[in-house]
Each structure stands twice: as structure tokens, then as C-alpha cells.
2 protein chains.
Amino acid sequence: MVTLTSGKSGPRPGGRSARVQAAVHAAVNELQRESGRAALTVPMVAARAGVTPSTIYRRWGDLADLLADVAVERMRPDMEPPDTGSLAGDLQAWSEQYLDEMSSDVGRAMVRDVLAGTGQMDGQPVPCRCFEFTAAQIDVILARARQRGEPGLPTVDALMDGIVAPVIYRLLFAPAPPDLAWLRDRLHDGVAGRR
Amino acid sequence: MVTLTSGKSGPRPGGRSARVQAAVHAAVNELQRESGRAALTVPMVAARAGVTPSTIYRRWGDLADLLADVAVERMRPDMEPPDTGSLAGDLQAWSEQYLDEMSSDVGRAMVRDVLAGTGQMDGQPVPCRCFEFTAAQIDVILARARQRGEPGLPTVDALMDGIVAPVIYRLLFAPAPPDLAWLRDRLHDGVAGRR
């Protein structure tokens, strides 16, 4: 499910295209830390990355699409979900960390950037890559549970609908952000054991 | 929960402020139909509505905030959910209509416009008003079920998490849009009966 390339053309690691991408992504991240997101412009990113603005426009489209690409890369998980010895424990540990990361200012900004991008990446709308990163993490948790021989496992889709969807929906729309007590209620209500 | 005013200042119905709002909203809706959303500008909307651009900037901020305000108003339900005689029937009828409306091109554009607004309305971020419109509809359905004496009713929050959240999350992020078969599986899995 998860594709490991990034950018419109899927650069070969170490190639010129991959080096340009790494430099541009690094420039965006540095400038966001230094000056904040609102101040960013394509010429500013290009100057920091040592490329021409037209390189950026050609490859990413506009600033919103570049920010969406950078945000998706930052949402790519950099480790496997912790193994606690049971499905219930794994889901709790993973979902608490997910809620924590997505609720942070950085996490919220990433979600908004991803949704603001209108481009395609690897033939899909940008937000689908977030969906697939998350589904892949849940898949790892379920595969471990299968190996342990745990009975009555839920599907990836049931967990995306039961845990991930309400976390993100509430972060985007609800008057009060989702908190740990709310998450534990959801897990306790048996989301993990259905289907 | 649901506030019945709109715009930053909550205009008195029939007052000058309410007339300006109605004219500007109508202009946005007409121009969107005629020229498409991408072509809209604040001066164009102002000319059609018969107000000055500075009236719009002062009241709504920028174009994204104006489009968010118009989108929220279009998401305000204009009727009560149909009464089918049971909670299960009411939830199925209402959620099928909700999925249908939100999945349409117009519905998707409304959700994106609402999320792109950065302003506050009536002291809340704009997307919260969508949350509250939807929660109010579900509240009507639950109140009817209580009056009928149906046992073991879910909470509004459980239904927001179990039905509304996955519909919107999948529309925004999933590689395949949610369809009627998926929705019926969710309802059938007992979302409606859990607290």
C-alpha cells in the first residue's frame, strides 16, 4: 500500500531529483522554524535550497502543494508501533501517541497543509498518502496480533473508522479537542474487538 | 448549541447588516454557479452584491473566510431529519442522506471551504458550526427515540464518532470514497446501540 517515493515523479534515492527534493524539503522546514509558515514564499525557499523558483513551480505547482508534500513526508512514521504483547495494549499505546502527535500545533498544521494541497502524488490526491501511512501502522499491529494467535481480530478499516477517523474529525471540527479520557472511552467501548 | 446568527457580528434579521450579508452570500452563490469557484475575487463579489470591496474585507477578512462563511450557511440543515418510527430507521435515513450530500461535488467543496477559513464566527472557529449543525440533527433523532421509550440509546457523541466522523474522514483522506454498502455495514455493526 505505502509507496516509498515522494514528489510527483518518484525520484530515485541519491539521484539529482532526490537531492533537489531533499534540499527543498529541508529549506521549507528550516524557514518554517525560523520565520513561521505565514511568511514563506517560493522564491525564499528556492534561495535557501539553492535552486531556481521555476524548479519548484515545475515540480510542485504552487506553495500550497509544496507545503502539502513536506507535511506528508513529516507524517510518514519513522518507526514501528511499540510491541506491548497484546492487541489491546498495542492499540492503546499507538493511538495515544497518534492523538498526542496530531493534537500538537505542528500536527494540526501538518493536517491543514495536507488538506490544502490540490495536487496529485504518485497518481493519488495527497491526503490519501496520510491515510495509507496510518493504515500501514495499524496493519503492523494486526499482523502481530495474528502471529500471537489472538482471536476475533478487527479489520484495518474498522480501526480506521473507529479510532483514526474520530481523532482527526474532532481535531478539525469539534468545539473541544479530543483528549486522552475520550480516547480511552472509545477503546474501552470495544472498538478494537469488533469484527 | 446551534447559534442562529451568522457573520462575525451576528446581524439582526432584517437590519442593514443582515441585508448586506444576504446580498453578499447570494452574489457568491450566483458567481460560483456562473464562473466556478476558482474565478471568484472579492471585487467581483462586491460588484455583484452592490457593496464596496472594503465592506467585505472589513466584515469577512479575506476571500477564504467569506467562502467559509457561505459554505457553513449552505450546510445549515433546512429541515428536521425524516421520522421513520424507530431510531435505527431514522439513523439510516438521515445518514444515507448525509453521505449523499457530503459526497457530491458541492458537498466536498463546502467541506474544503469550511476548513480553509481561518476566522472565527460567533467566537468559535468556523468548522465548529458544522459540527454543531450535525450534532443538533442527531439530537433531534435521539429526542424522538427517547419520547418513543426506546431503550439503550447511544449518546450524540457516540454517533458523531461512529457515523459522522468516518464519513467526513474518508471523504477527505481515503483512496476510495465511502459508499452506501460501507455505511450500512457501519450501522449494522451496532454503532447505533453502543454508548
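So, how was this worked out
Residues numbered from 1 in each chain as written. Chains lettered and ligands numbered in written order. Predicted model: local features only at pLDDT ≥ 70, side-chain atom pairs only at ≥ 80, totals over all residues. Heavy atoms only, no water. Helix = DSSP H or I, 4+ residues; strand = E, 2+ residues; numbered from the N terminus. Buried < 20%, exposed > 50% of the residue type's maximum accessible area, 1.4 Å probe, protein only. Contact = heavy atoms within 4.5 Å. Polar contact = N/O pair within 3.5 Å; in protein donor to acceptor, adjacent residues only side chain to side chain. 1 Å grid on protein atoms, 1.4 Å probe; cavity = no way out; pocket = protein on both sides within 12 Å on 5 of 7 lines; lining within 4 Å. Points joined across faces, edges and corners; volume = space filled by probe spheres on them. Nonpolar A, V, L, I, M, F, W, Y, C, P; charged D, E, K, R; others polar. Axes fitted to C-alpha atoms, helices over the stretch in contact; angles between N-to-C directions. Parallel < 35°, antiparallel > 145°, perpendicular 65-115°, else oblique. Least-squares fit on C-alpha atoms with pLDDT ≥ 70 in both. Phe/Tyr/Trp six-rings, centres within 6.5 Å; stacked < 30°, edge-to-face > 60°.

## Side note on the environment of A:Thr84
Residue and element names in this part refer to chain A.
Now for step 1: Relative to the helices and strands, Thr84 is located in the loop between helix 4 (63-75) and helix 5 (87-103).
Now for step 2: The partly exposed category is assigned to Thr84, whose relative accessible area is 44%.
Now for step 3: Separated by twelve residues in the primary sequence, Thr84 and Glu96 place their C-alpha atoms 13 Å from one another.
Now for step 4: Residues contacting Thr84, with those up to four places away along its chain left out, are Gly89, Asp90 and Ala93.
Now for step 5: Only 3.4 Å separates the side chain of Thr84 from the backbone oxygen of Ser86, close enough to count as a polar contact.

## A look at the layout of surface pockets
The gaps of empty space that remain are located by a probe, the size of a water molecule, rolled over the atoms.
Now for step 1: Counted as a void, the largest pocket has a volume near 1,200 Å³.
Now for step 2: Together, 41 residues line the largest pocket, and A:Ala116, B:Arg112, B:Leu115, B:Ala116 and B:Gly117 are the ones closest to its centre.
Now for step 3: Every element with two or more residues in the lining of the largest pocket is listed here: helix 4, helix 6 (105-116) and helix 8 (156-173) of chain A together with helix 4 (63-75), helix 6 (105-116) and helix 7 (126-148) of chain B.
Now for step 4: Among the elements that take part in the lining of the largest pocket, helix 6 of chain B stands out by supplying six residues, more than any other.
Now for step 5: Residue composition of the lining of the largest pocket, grouped by class: 25 nonpolar, six polar and ten charged.

## Quick look at the packing of helix 1 (residues 16-35) of chain B against helix 4 of chain B
All names here are of chain B.
Now for step 1: Contact geometry of helix 1 with helix 4 gives a least axis separation of 10 Å together with a crossing angle of 90°. In terms of axis orientation, helix 1 runs roughly perpendicular to helix 4. Residues Val24, His25, Val28, Asn29 and Gln32 of helix 1 form the contact with helix 4, whose participating residues are Leu66, Leu67, Asp69, Val70, Glu73 and Arg74.
Now for step 2: Split into classes, the residues belonging to the contact of helix 1 with helix 4 amount to five nonpolar, three polar and three charged.

## A short note on the relation of the copies chain B and chain A
Now for step 1: With an RMSD of 0.0 Å, the fit of chain B onto chain A corresponds to turning through 180° and sliding 0.0 Å along the axis. As the rotation angle and translation indicate, the two copies are arranged about a two-fold axis. Within chain B, the C-alpha atom positioned nearest to the axis of rotation is that of B:Ala165, 2.8 Å from it.
Now for step 2: The share of interface residues of chain B whose copies in chain A are also at the interface is 100%, consistent with both copies meeting through the same surface.

## Quick look at the packing of aromatic side chains
Now for step 1: Summed over the entire model, instances satisfying the criterion amount to six aromatic pairs over all chains.
Now for step 2: A centroid spacing of 5.9 Å and a plane angle of 25° characterise the contact between A:Tyr169 and B:Phe131, whose relative ring orientation is stacked. Of this pair, A:Tyr169 sits in helix 8 while B:Phe131 sits in helix 7, on two different chains. In terms of burial, A:Tyr169 and B:Phe131 fall into one category: buried.
Now for step 3: An aromatic cluster is defined as three or more aromatic residues linked by ring pairs; in this entry it consists of A:Phe131, B:Tyr169 and B:Phe173.

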